[in-house]
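Take a look at the letters that make up each chain.
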Amino acid sequence: MLLQENATVQTLMTKETLTVVKKLGEGGQGAVYLVEGQKLGRKALKWYNHEQATEEQMKIILDLVQQGPPSGAAGKRFVWPIDLVCSPHSSQFGYLMDLIDTQRFAELGEVWAKRKPAPTMRALCRISYAAADSYRALHLRGLCYRDISAGNIMFDPVQGDVLICDNDNIGVNNQSDAQVWGTMEYMAPEVVRKEAKPSTDTDLHSLAVLLFQLWIWHHPLHGKMEYEVRSWDLIAKQKIYGQNPVFIFDPVNPENRLPDDPDYETAKRRWEVCPQPLKEKFIQAFTIGLHDPKRRVTEGEWRKLFLELEDCITQCPHDSAENFWSEKQPNVRCWYCQQPVPVPPKLLVKSAAGKQYIVLNKGTSIKRRHIDPSSKEEQWAELVGEVVQNPANPSVWGIRNHTNVPWKATTLAGAVREIPPQKSVPLQAGVRIQFTASTEGTILG
Ligand SMILES: [Zn+2]
């Protein structure tokens, strides 16, 4: 039974009466309504179909409501169930959640259909980081999402913020029984083959598919094998996603390369311009990771990679397109106009966490996480240094010390200078900066 406009329903915990304003949409499990309450204001209500309104589903929702979302920024991205909602006139039920600003947030499908703007490279790094960060927080709590897909995530294509929707299938890893086994094109091969149930390990496969789609605008297993299938039925899908999954860009096995067809041009083109370190992770995820769940790319590895990629963006001077510099690909050719892009100086930071590069564009900021990798995550974004022009001589650039402790800079000739707070280290190749006792940076030309 659907809810009618002006019908009333009750929240279980707060015992508030809500009025149905209108239906917002419908899915396989139920419909979503705009509802309004005196204290709660306007919220969204997911109301389950009769078949989905099971005791098991009610228990999942109650558990989620009681636990609340993961903490911090990672948790805020989940559009988490706020309360269980019932009606005295029905055995059906639903749950309450915050409304989504659909003007601001887009689904990937809307971007592909050109209804929403395509994210810039920087926004893509942020979206990918945020997705990995939130699923990581969920997994750290011993929960798994079970249905990661492009249909369950929305993002701000400009700022790179992320919302994770449809959180009503989240369950305890390797424990609770899943009502939902996920969407087949995102399912790990062992789930398709019915050898495993959805878990945090299988979430990692789904996450890799989602990230691949965000970057390449294509499915990692949709190549010649799918192209040559006559009838795209369950048996064909089970073969491609489960029994014989082969990555379209598998460097060794050419069995499932992209067919020579204009429909596949976008994927080819986007793979060509995909930064090398990201290609390597995708290759891991869709070669050994397909067959060995314990060797999939972890959320932590994805997070680290997308932070590093964002640090290595440099803009093309001709068209402002964002390009990636990497140690392995030091000569940058603009993906948009094909012209060589002059790369500004880089800062190589060595710390207890290893080494990382930051391309020093005008205004680039150096964050707490760069110089103090063991700092709390809430402090990671704190500004510690910034690329600035010398006010007296605009042709001279430097890194301004935004901390309240002095840095020690050593020139190529070996002269040592103290850089007090608010003063700048000149951007000269070979200059070394001692940021902390255990973190040193070197400016590379
Ligand atoms: Zn260009």
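Residues numbered from 1 in each chain as written. Predicted model: local features only at pLDDT ≥ 70, side-chain atom pairs only at ≥ 80, totals over all residues. Heavy atoms only, no water.

As recorded by an unreviewed UniProt entry, the protein chain carries the name Protein kinase domain-containing protein and is attributed to Geobacillus genomosp. 3.

Trainee: What is the right way to look at the domain arrangement of the protein chain in this model?
Mentor: Accessible area lost upon the coming together of the parts serves often as the stated size of an interface. Split into domains, the protein chain comes out as domain 1 (8-97), domain 2 (108-305) and domain 3 (344-444). One C-alpha centre belongs to domain 1, the other to domain 3; they are set 49 Å apart. (Domains from an automatic or database assignment.)

Trainee: Please explain the coordination of the zinc ion as it appears in this structure.
Mentor: Tetrahedral coordination by four donors puts the ideal angle at the metal at 109.5 degrees, and octahedral coordination by six puts it at 90 or 180 degrees. Taken together, the protein donors to the zinc ion comprise Cys316 (SG), Asp319 (OD), Asp319 (OD), Cys334 (SG) and Cys337 (SG), at separations of 2.1 to 2.6 Å. One chain supplies every donor to the zinc ion, and in sequence these donors are spaced C-x2-D-x14-C-x2-C. Here Cys316, found in the loop between strand E11 (313-315) and strand E12 (322-324), pairs with Cys334, found in the loop between strand E13 (332-333) and strand E14 (340-341); they are 18 residues apart in sequence, far enough to count as distant. In this structure, Cys316 and Cys334 share a single accessibility class: buried. (Donors = N, O, S within 2.8 Å, 3.2 Å for Na, K, Ca; no water. Helix = DSSP H or I, 4+ residues; strand = E, 2+ residues; numbered from the N terminus. Buried < 20%, exposed > 50% of the residue type's maximum accessible area, 1.4 Å probe, protein only.)

Trainee: Where do I start with the pattern of salt bridges in this structure?
Mentor: Side chains carrying opposite charge are able to pair once their charged atoms draw close together. Evaluation of the coordinates by the stated rule reveals 27 salt bridges. In this structure, the salt-bridge partner of Asp133 is Arg303, at a minimum N-O distance of 2.7 Å. Here Asp133 is found in helix H4 (residues 121-140), whereas its partner Arg303 is found in helix H12 (residues 299-311), with 170 residues between them in sequence. With its nearest N and O atoms 3.0 Å apart, the salt bridge here joins Glu382 to Arg368. With Glu382 in the loop between helix H13 (368-371) and strand E18 (383-389) and Arg368 in helix H13, this pair connects stretches of sequence that are 14 residues apart. What makes Glu382 partly exposed here is its relative accessible area of 37%. A residue is classified by how much of its surface remains accessible, and Arg368, at 17% relative accessible area, is buried. Beyond isolated ion pairs, a larger network of salt bridges with shared partners links Arg77, Asp133, Arg136, Arg303 and Glu377. (Salt bridge = Lys/Arg side-chain N within 4 Å of Asp/Glu carboxyl O.)

Trainee: Any chance you could explain the pairing of strand E2 (residues 17-26) here in plain terms?
Mentor: Along a regular strand, successive side chains alternate from one face of the sheet to the other. Two elements, strand E1 (residues 8-11) and E2, share 3 bridges in a ladder whose sense is antiparallel. Bridge pairing in E2 links Thr8 to Thr19. In this antiparallel pair of consecutive strands, E1 and E2, the connection spans 5 residues, and Lys15 shows a positive phi of 50 degrees. Relative to strand E3 (residues 30-37), E2 runs antiparallel, the two sharing 7 bridges. Directly across from Gly25, in E3, lies its bridge partner Val32. Here E2 hands over to E3 after 3 residues, the two strands then running antiparallel side by side. (Pairing = 2+ DSSP bridges.)

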